[in-house]
Amino acid sequence: MPVVNRIAEFSGDMTRWRQHLHSIPELGQDCHDTAAFVAARLREFGVDEIHEGFAKTGIVALIRGQGDGPTIGLRADMDALPIAEATGLDYASARPGKMHACGHDGHTTMLLGAARYLAETRNFTGRVALIFQPAEETGGGAEVMVDQGVLDRFDITQVYALHNAPGYAPGEFLTTPGPIMAAVDEFRVHIKGVGGHGAMPHATRDPVVAAVAIAQAFQTIVSRNAYALDNLVVSVTQIHAGTTDNVIPDTAFLNGTVRSFDLEVQRMVRNRMREIVQGHAMSFGVEVELDYLQGYPPTINDADSAAFAAEVAREISGPARVSDDSPRRMGAEDFAYMLKARPGAYLFLGQGEGAGLHHPEYNFNDEVAPVGASFFARLVERAQPLAAG
């Protein structure tokens, strides 16, 4: 697999870094040990500046090239998931109930590999800002860092990020101009009725049947309210009610997620949910409260940046292993906040067969870490090249 020769030389170090990070997963903004490890490696590499404490444990490291020029940003997420690991690896999570089930240990390692190479060679103009971000899975660490002025403070003009993709050939790159990942919203429906004996439902106002009806009605939003070519997902993922077989409960609860790409579609879903719960409250004689929580916005690639990133990817993996019109995905990503503030692109990097993301048997493929590091390094060198001669 084509990688930068110098990065290939220290690929064994990258494997050791990644497997160590895998063993110490941390959640949300509390990535203290991960950030300490990252900062220690960056100091070893001789980067020019290390700024810590963004979004609690985030880091921005700067490497100056040769001569004046803009600053390009490269981002890696660091946080793990609240999942009990089931890989049986000798470097498996040492922290019960937490694991790197999404490959952020690999993302951090790839950016560290690029940092080591770029600090050694400095074959570019301007600066590169290495953004190590906590709280991608929950907490919107990217939004926090943007709000804290990271992009403005360091004059970052464009930003890029990678995410591993199980099920695609190792070293395969996938991206697309425009939306690549969806917006994610959450809804919660609280239903209050009047409980009673299961043998006398006429004396109750049953929240269970109301919950079932609302769940079914929500599914008609996609099939009957959205244009068929708009990408939209509405999923009811929880229904909770009752405690035993012969008691109709007083309350019920629904919870779920909405995935969309268009603001008008997102607004339509929210309005239709309100109308549905209001109508069903009257129909079933219950009280219904809807909480609609707007989450990460859609991840939208700048068209020129995506095309440029695909060119760089072809240099690393060859034309046959790069798709620049990959179908967009219904998952969400808080890198969206950085792409709202600056042009840039988000790409997927194939890592081969194996358990999927957020699965207790998932493990990042160390063979692709030098590929991702090489992509980041060449992206900087191509975006901000030294003058010829």
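Residues numbered from 1 in each chain as written. Predicted model: local features only at pLDDT ≥ 70, side-chain atom pairs only at ≥ 80, totals over all residues. Heavy atoms only, no water.

J.: What's the story with the state of the cysteines in this structure? I'm lost.
T.: Applying the stated criterion across every chain yields a total of zero disulfides. Here Cys-31 stays unpaired: no disulfide links it, and the sulfur of Cys-102, its closest cysteine neighbor, is 13 Å away. For Cys-102, a relative accessible area of 6% translates into the label buried. (Disulfide = S-S within 2.5 Å. Buried < 20%, exposed > 50% of the residue type's maximum accessible area, 1.4 Å probe, protein only.)

J.: Sorry if this is basic, but what is going on with the side chain of Thr-108 here?
T.: Structurally, the position occupied by Thr-108 is in helix H4 (residues 104-121). The class for Thr-108 is buried, based on a relative accessible area of 0%. Within the structure, Thr-108 has its side chain in polar contact with the backbone oxygen of Asp-77 (distance 3.1 Å). Contact partners of Thr-108, with chain neighbours within four places excluded, come to Leu-21, Val-38, Ala-76, Asp-77, Met-78 and Phe-132. (Helix = DSSP H or I, 4+ residues; strand = E, 2+ residues; numbered from the N terminus. Polar contact = N/O pair within 3.5 Å; in protein donor to acceptor, adjacent residues only side chain to side chain. Contact = heavy atoms within 4.5 Å.)

J.: Got a minute to help me understand the nonpolar core in this structure?
T.: Side chains that are nonpolar tend, in soluble globular proteins, to be buried together. Leu-42, Leu-130, Phe-132, Phe-173 and Phe-375 are the most contacted members of the largest nonpolar core, which has 59 residues in total. Ignoring any residue separated from it by four or fewer positions in sequence, one finds Leu-130 in contact with Leu-42, Ile-59, Val-60, Ala-61, Ile-63, Leu-74, Leu-111 and Ala-115. Core analysis: the next-biggest nonpolar cluster, separate from the first, contains 25 residues, Ala-210, Val-265, Val-286 and Tyr-292 among them. (Core = buried A, V, L, I, M, F, W, Y, C linked by side-chain atoms within 4.5 Å.)

J.: How do you make sense of the layout of surface pockets when you look at a structure like this?
T.: One simple way to see leftover space: roll a probe sized like a water molecule over the atoms. Its boundaries defined by the atoms lining it, the largest pocket holds a volume of some 730 Å³. What lines the largest pocket is a set of 31 residues, among which Glu-137, Val-184, Arg-259, Ala-332 and His-358 lie closest to the centre. Sorting the residues of the lining of the largest pocket by element identifies strand S8 (183-192), strand S12 (251-260) and strand S16 (344-350) as the ones contributing at least two each. In terms of residue count, the dominant contributor to the lining of the largest pocket is S12 (four residues). By residue class, the composition of the lining of the largest pocket is twelve nonpolar, eleven polar and eight charged. Taken as a whole, the second largest pocket spans an internal volume of roughly 160 Å³. Elements that contribute at least two residues to the lining of the second largest pocket include exactly helix H8 (263-284) and helix H10 (336-341). (1 Å grid on protein atoms, 1.4 Å probe; cavity = no way out; pocket = protein on both sides within 12 Å on 5 of 7 lines; lining within 4 Å. Points joined across faces, edges and corners; volume = space filled by probe spheres on them. Nonpolar A, V, L, I, M, F, W, Y, C, P; charged D, E, K, R; others polar.)

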